[in-house]
Amino acid sequence: GTPRAGEQASMDDAKQTLQQLRDELQSLKEQGQNGCMDTQTVPNLTNGNMKARRQLKGHFGKVYAMQWAGAGAVEEVVSASQDGKLIIWNANTTLKKQAIPLRSSWVMTCAFETTQNQFVACGGLDNLCSIYKVESEAASGRAHKELQAHDGYLSCCR
């Protein structure tokens, strides 16, 4: 039935903490700090210290996603483009290591498997997560696996 003394004290502490958080949130709202970008000061990142070191040329459509490979292949990058290709690059030499033709050009995301760098994945508006083996049957354009359980499009894969 009724709470014991220890349980009642815990509930009272929780209620007090909750009220303090509500008061703090209300205070922040009144100060205009609601977490939106338009009320926050964002530092200027273009102070002249950043410049392009390499330019990877080879896609014939917009590039929608890129990701660096994991440890052991830190020079490699995979990119996904609306031209219907995944390209694995050597970022230092700017040379293409592998071009993988996709079943659909509606790709929005790509990722390396970062433990051993043996697989790349991609997905998009076709609702599929396609997984390709690096330097294997991917050269033939066949996916190693296709994960078809998504009800909607893929906007990110990791």
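Structure first, text after, so check above.
This report concerns the structure included in the present document. Values in this document were obtained by computation on a predicted structure and should not be read as measured data.

### With respect to a nonpolar patch on the surface
Here's step 1: A contiguous nonpolar patch, built from W106, L125 and Y153 and spanning about 390 Å² of accessible area, is present on the exposed surface.
Here's step 2: You can see W106 is positioned in the loop between β4 (95-101) and β5 (107-112).

### What about the pairing of strand β7 (residues 129-133)?
Here's step 1: Most of β7 is tucked away: 4 of the 5 residues are buried.
Here's step 2: Summarising the sheet, strand β6 (residues 119-124) and β7 pair through 5 bridges and their orientation is antiparallel. Looking at β7, one finds that A121 is bridged to I131.
Here's step 3: Pairing between β7 and strand β8 (residues 145-147): 3 bridges, direction antiparallel. What sits directly across from I131, in β8, is K145.

### Some points on the sheet that holds β6
Here's step 1: What the 4 strands build is an open sheet, ordered β5-β6-β7-β8; its pairing is antiparallel. The outermost strands of the open sheet, each flanked by one partner alone, are β5 and β8. Recorded for the sheet is a direction-independent mean angle of 20° between the axes of neighbouring strands.

### What to know about the pattern of salt bridges
Proximity of charged atoms lets side chains of opposite charge pair with each other.
Here's step 1: Under the defined criterion, the tally for this structure stands at 3 salt bridges.
Here's step 2: For E135, the salt bridge identified is with K97, shortest N-O distance 3.8 Å. In this pair, E135 sits in the loop between β7 and β8 while K97 sits in strand β4, placing the two residues 38 residues apart along the sequence.
Here's step 3: Given the relative accessible area of 55%, E135 is considered exposed.
Here's step 4: Put simply, E146 and R103 hold a salt bridge, and the shortest N to O gap is 2.7 Å. Taken together, the residues span a long stretch of sequence, with E146 in strand β8 and R103 in the loop between β4 and β5 at a distance of 43 residues.
Here's step 5: Classification of R103 as exposed rests on a relative accessible area of 63%.
Here's step 6: Bridged by salt links that share partners, the residues E76, K97 and E135 form one connected network.

About the thresholds
Residues numbered from 1 in each chain as written. Predicted model: local features only at pLDDT ≥ 70, side-chain atom pairs only at ≥ 80, totals over all residues. Heavy atoms only, no water. Patch = residues over 30% accessible without salt bridge, like charges linked within 9 Å, V, L, I, M, F, W, Y side chains within 5 Å. Areas by Shrake-Rupley, 256 points an atom, 1.4 Å probe, with all protein chains shown as cover. Salt bridge = Lys/Arg side-chain N within 4 Å of Asp/Glu carboxyl O. Helix = DSSP H or I, 4+ residues; strand = E, 2+ residues; numbered from the N terminus. Buried < 20%, exposed > 50% of the residue type's maximum accessible area, 1.4 Å probe, protein only. Pairing = 2+ DSSP bridges. Axes fitted to C-alpha atoms, helices over the stretch in contact; angles between N-to-C directions.

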